[in-house]
Amino acid sequence: MPWISATMTDVEIWNNPSCSKCVGARDTLDEARVPYVVRPYLDQPPSAAELTDVLRRLGVRAWDICRTGERAAVARGMADWPRDEAAEPRWIEAMVAAPELIQRPILLLDDGGALVGRTPEALAEAVERARPGDG
């Protein structure tokens, strides 16, 4: 159960409940008592505008967070898609249509940034950025 402050939420986590990395991210935030809300992004997919904003916040391109080994990506032939600015809207639309293609967990921080929380280092950074001045 997420620990949520009555006054603020520091982190939004795009969560897949069957993903071990998502479980690890939630556990890390719980342990650090970092307030967060869970977005079940498979059930509540982002819009193209939301995903574009997340890419900006992450500082990456769409293909950088696309799970090209997923069945939906293989069926679309995404591994062979161009990786240039002109092709990026196509990548974004594919991930909006099939949100399982989006790397997880994505942590949206209240400082305006975002992280893909797949490593202990990324999770430690999320905790640090969510609690500036605590330490």
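Since this is a predicted model, take the numbers as computed values, not measurements.

Colleague: Quick rundown of the nonpolar core? Include the residues and the values.
Modeller: Counting 25 residues, the largest nonpolar core has Trp14, Met78, Trp91, Leu101, Ile102 and Ile106 as its most contacted members. For this core, the secondary structure elements donating two or more residues are helix H2 (48-58), helix H3 (71-76), helix H4 (88-97) and strand S3 (106-109). Setting aside its immediate chain neighbours within four residues, Ile102 contacts Trp14, Tyr41, Pro46, Leu51, Ile65, Arg67 and Met95. Judged by nonpolar contacts, the second largest core, of 13 residues, contains Leu107, Leu115, Leu123 and Ala130.

Colleague: Hey, could you go over the environment of Asp27 for me, with residue numbers and the actual values?
Modeller: Counting through the fold element by element, Asp27 comes out in helix H1 (residues 20-31). Asp27 sits 77 residues away from Arg104 along the chain, and the two C-alpha atoms are 15 Å apart.

Colleague: Could you give an account of the pairing of strand S2 (residues 36-39), with specific residues and numbers?
Modeller: Look at any regular strand and the pattern is simple: side chains alternate between the two faces of the sheet. Where strand S1 (residues 11-14) lies against S2, four bridges are found, and the strand directions are parallel. Bridge assignment links Ile13 to a residue of S2, and that residue is Val38. Assessed by its sense of winding, the connection that carries the chain from S1 through H1 to S2 is right-handed.

Scoring rules and cut-offs
- Residues numbered from 1 in each chain as written.
- Predicted model: local features only at pLDDT ≥ 70, side-chain atom pairs only at ≥ 80, totals over all residues.
- Heavy atoms only, no water.
- Core = buried A, V, L, I, M, F, W, Y, C linked by side-chain atoms within 4.5 Å.
- Buried < 20%, exposed > 50% of the residue type's maximum accessible area, 1.4 Å probe, protein only.
- Helix = DSSP H or I, 4+ residues; strand = E, 2+ residues; numbered from the N terminus.
- Contact = heavy atoms within 4.5 Å.
- Pairing = 2+ DSSP bridges.
- Right-handed = clockwise from strand over helix to strand, strands pointing away.

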